[in-house]
Amino acid sequence: GDSVTQMEGPVTLSEEAFLTINCTYTATGYPSLFWYVQYPGEGLQLLLKATKADDKGSNKGFEATYRKETTSFHLEKGSVQVSDSAVYFCALRWNQGGKLIFGQGTELSVKP
Amino acid sequence: EAGVTQFPSHSVIEKGQTVTLRCDPISGHDNLYWYRRVMGKEIKFLLHFVKESKQDESGMPNNRFLAERTGGTYSTLKVQPAELEDSGVYFCASSVQGGSGNTIYFGEGSWLTVV
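Note that this is a predicted model, so its numbers are computed, not measured.

Definitions and limits used
- Residues numbered from 1 in each chain as written.
- Chains lettered and ligands numbered in written order.
- Predicted model: local features only at pLDDT ≥ 70, side-chain atom pairs only at ≥ 80, totals over all residues.
- Heavy atoms only, no water.
- Phe/Tyr/Trp six-rings, centres within 6.5 Å; stacked < 30°, edge-to-face > 60°.
- Helix = DSSP H or I, 4+ residues; strand = E, 2+ residues; numbered from the N terminus.
- Buried < 20%, exposed > 50% of the residue type's maximum accessible area, 1.4 Å probe, protein only.
- Lys NZ or Arg CZ within 6 Å of the ring centre and 35° of its normal.
- Disulfide = S-S within 2.5 Å.
- Pairing = 2+ DSSP bridges.
- Axes fitted to C-alpha atoms, helices over the stretch in contact; angles between N-to-C directions.

**Q** Is there a simple way to think about the packing of aromatic side chains in this case?
**A** Centre-to-centre distance and the angle between the planes together describe a pair of aromatic rings. Taken as a whole and assessed by the stated rule, the structure comprises 13 aromatic pairs over all chains. Here the aromatic rings of A:Tyr36 and B:Phe106 are separated by 5.2 Å at their centres, their planes lie at 75 degrees, and the arrangement is edge-to-face. Highlighted residues: A:Tyr36 in strand β5 (residues 32-38) and B:Phe106 in strand β10 (residues 105-106), drawn from two different chains. As far as the burial class goes, A:Tyr36 and B:Phe106 line up, both buried. The ring of B:Tyr74 carries B:Arg22 above its face, with NZ or CZ at 3.8 Å from the centroid.

Written out as structure tokens, the structure reads:
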């Protein structure tokens, strides 16, 4: 079945460091791909998305490119801030109105 | 515009008791989903309503869980009787009908602790 695999956390970085959180998926075809973020004590928020191969999603300095060759959607940010500390979830969505399938989440902690 | 709202935000109940979680989706959203995250693991799909009909309930763990969506508006998720392993965060989400790229909006979650 379809699945999403993320790099294990927790990931601890210093402020202004470069961030990469790896995400790969298994699916037959080309689903839409998403990154959601959960800040401490809050709900899930959509961070960015890409709906077809080679699309790049971006928001708040974060970027991810839909790579069909490597079935990946890695999340990157050039300079993280303490306020980026959160749990990040990669997800795919297949058909019209269908459910999201999530990875296990990666906790990011950014130290001053 | 109001987002997806969930109630209660936190609940602590004893094993064997009943809890009912409520979700109000964004107005006009036909799709309503329930998910849960147990003990820091992945977020797992529970079920999907389209209006008042259950489109996909493949993620419901067992018959102790009952979900309803009255008149295609708000939804409730009842756990009866609750077990220790039911502890976790229950997320409700909603979206408009349409393609796979449409955004699914999540509520802040109902944090359930069974003791």
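**Q** Looking at this structure, how should I read the state of the cysteines?
**A** Per the stated rule, a full pass over the model turns up two disulfides over all chains. The disulfide partner of A:Cys23 is A:Cys90, and the S-S distance across this bridge is 1.9 Å. Judged by the torsion about the S-S bond (-70 degrees), the A:Cys23/A:Cys90 disulfide is left-handed. Taken together, the residues A:Cys23 in strand β4 (residues 23-26) and A:Cys90 in strand β10 (residues 86-93) connect sequence positions 67 residues apart. With respect to burial, A:Cys23 and A:Cys90 carry one shared label: buried. Residue B:Cys23 pairs covalently with B:Cys92 via a disulfide, S to S 1.8 Å. Disulfide B:Cys23 to B:Cys92: torsion about the S-S bond roughly -65 degrees, handedness left-handed. One end of the pair, B:Cys23, is in strand β3 (residues 19-24); the other, B:Cys92, is in strand β9 (residues 88-95), and 69 residues separate them in sequence. Since its relative accessible area comes to 0%, B:Cys23 is described here as buried.

**Q** Can you walk me through the sheet that holds β3(B) in this structure?
**A** In a beta sheet, neighbouring strands are held together by backbone hydrogen bonds and run either parallel or antiparallel to one another. All names here are of chain B. Spatially, β1-β3-β8-β7 is the arrangement adopted by the four strands of the open sheet, whose pairing is antiparallel. One side of each edge strand has no neighbouring strand; the edge strands of this open sheet are β1 (5-7) and β7 (65-69). The sheet shows a mean angle of 15 degrees between the axes of neighbouring strands, direction not considered. Relative to β3, β1 runs antiparallel, the two being bridged by three bridges. Bridging across to β3, threonine 5 finds its partner in aspartate 24.

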